[in-house]
Amino acid sequence: GGRTWGEPVQLPGTIFGNQAVRDQALTARTTTTVGANASTTTTTTPPAGSRASEPNQAVNFGGFQPVVTVGNDGAVYAIWPSTTSNISPSPPAGIFVSKSTDKGRTWQTSQAVPFDYKNGTFVQMAWTEEGGSQGTLHAVWEYKEQPEVGGYSDIYYIRSTDGGATWSQPRNITDDRPQDYFGQYYPNITVAPNGRIDVVFYDTRFDPGLRSNDVVYTYSTDNGETWSRNERISDQSIDRRIGVWGFNYDITSPPSLASADEFAIIGWDDPRFSDPSVGDNLAVGGGLQDIFVANAQFEAIGGGASKVAKMIVAGVVGLLAVGLILLVVAMAARSSSGPPSAKGARQSEKKPAGVS
């Protein structure tokens with residue numbers, strides 16, 4: 001019950017003790033061609049016996065930002081991207097999954113995604129019972145098809161139906177046009193009781209050029225085989241020039257997400273009520289910032305035969321009836337007075353499409 005705790009277990013040590021895995025990381029490094037002015041370049045020789053003098057050793061390899069999930073059979077899974085120290089140039093990140101079948105006492109670690117500069121370093125994972133005796137692990141992360149383009153990334157997805165031993169080929173679950181170079185990042189993933197997989201992330205495809213982003217949502221109802229079109233959840237773009245995070249998209253956490261059978265609830269931070277004309281609001285950490293939530297709804301909530309539901313339906317029908325009567329009266333009045341001038345005509349405001 002939290003009164004006592006076990007000793008910490010170092011997960012990367014179970015995989016980076018393998019010489020072949022470390023060799024893969026070092027081999028994946030980009031080779032830099034020496035330029036014409038190389039003679040003027042100064043280099044530093046690491047002190048003998050230091051970790052930097054012997055970069056290919058397990059102590060220089062590690063991981064960060066682990067995410068833990070538990071299967072119905074009690075198996076515990078942790079997914080995490082790799083990192084290194086004392087190695088120059090640094091190897092690209094790979095993605096690893098550690099598994100424990102004895103309540104976290106011992107762990108086995110395997111590689112889910114190879115070392116690649118295209119890998120982002122924010123990974124999330126969830127488990128569903130579909131897919132076999134061990135259920136299915138679902139993972140999403142930022143993937144950079146063109147790492148040389150700053151801020152350009154997509155959300156990629158993989159799954160495992162054998163407890164993390166093997167993984168599907170990565171696939172892009174964002175549906176914007178690649179040639180537009182929009183950025184999608186910081187995904188979150190959860191699973192509804194009925195098995196629906198929900199994913200949200202920040203997206204710049206609606207950015208009007210103000211350093212902003214939006215919250216976008218997609219889901220799968222067939223255990224990750226296919227995914228819905230991306231839906232814009234935020235009702236307006238989030239201005240990242242102001243607010244706590246402000247200045248260069250300094251976001252460090254994904255949109256929040258919770259899943260029920262009838263709906264998914266998504267939350268995000270938004271400084272829309274800040275006044276950018278106030279000087280302090282433009283400073284780092286300045287400005288008012290609030291939390292907003294919205295829902296993606298799949299089924300009616302509550303009993304359709306309840307008194308409250310009947311009253312709501314009656315009210316809606318009544319409003320529609322009154323609206324129709326007013327429309328008829330207005331049309332009759334308009335026909336008697338002639339057509340309105342273009343100057344006096346008003347255009348109805350369009351409501352952005354999205355999940356209701």
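Rules and cut-offs
Residues numbered from 1 in each chain as written. Predicted model: local features only at pLDDT ≥ 70, side-chain atom pairs only at ≥ 80, totals over all residues. Heavy atoms only, no water. Helix = DSSP H or I, 4+ residues; strand = E, 2+ residues; numbered from the N terminus. Buried < 20%, exposed > 50% of the residue type's maximum accessible area, 1.4 Å probe, protein only. Polar contact = N/O pair within 3.5 Å; in protein donor to acceptor, adjacent residues only side chain to side chain. Pairing = 2+ DSSP bridges. Core = buried A, V, L, I, M, F, W, Y, C linked by side-chain atoms within 4.5 Å. Contact = heavy atoms within 4.5 Å.

S.K.: How would you explain the environment of threonine 27 if you had to name every residue and give the values?
M.R.: By the secondary structure assignment, threonine 27 is in helix 2 (residues 19–27). Relative accessible area serves as the criterion here: at 66%, threonine 27 is assigned to the exposed category. Taking the C-alpha atoms as reference points, threonine 27 and phenylalanine 115, separated by 88 residues in sequence, lie 9.2 Å from one another. At a separation of 2.7 Å, a polar atom in the side chain of threonine 27 contacts the main-chain carbonyl oxygen of aspartate 23.

S.K.: Describe the sheet that holds strand 8 (residues 154–160), naming the residues involved and giving the relevant values.
M.R.: The sheet built from four strands is open, its strands ordered 6-7-8-9 with antiparallel pairing. The sheet is open, and its two borders are formed by strand 6 (119–128) and strand 9 (171–172), each paired with just one other strand. Relative to strand 7 (residues 136–143), strand 6 is paired through seven bridges, and the arrangement is antiparallel. When the sheet's bridge partners are listed, glutamine 124 is paired in strand 7 with valine 140.

S.K.: I'd love a proper account of unusual backbone geometry, names of residues and values included.
M.R.: Omega for the peptide link from serine 88 to proline 89 comes to -5 degrees, which places this bond in the cis form. Note on placement: proline 89 falls in the loop between strand 3 (76–84) and strand 4 (95–100). Here the phi dihedral of glutamine 65 falls at roughly 50 degrees; this positive angle occurs in a residue that is not glycine. With respect to the element layout, glutamine 65 can be found in the loop between strand 1 (61–63) and strand 2 (67–70). With a relative accessible area of 38%, glutamine 65 lands in the partly exposed category.

S.K.: Tell me what's going on with the nonpolar core, and back it up with residues and numbers.
M.R.: Ranked by internal contacts, the top residues of the largest apolar core, which has 18 residues, are Tyr77, Ile79, Trp141, Ile158 and Trp167. Where this core is concerned, the elements lending two or more residues are strand 3, strand 4, strand 5 (108–113), strand 6, strand 7 and strand 8. Here this core gets four residues from one element, more than from any other, and that element is strand 7. Excluding residues that lie within four positions of it along the chain, isoleucine 79 makes contacts with Gln65, Pro66, Val67, Ile95, Phe96, Val97, Val123, Gln124, Met125 and Ala139. Core analysis: the second largest hydrophobic core is formed by 16 residues, Tyr202, Ile251, Ile266 and Trp268 among them.

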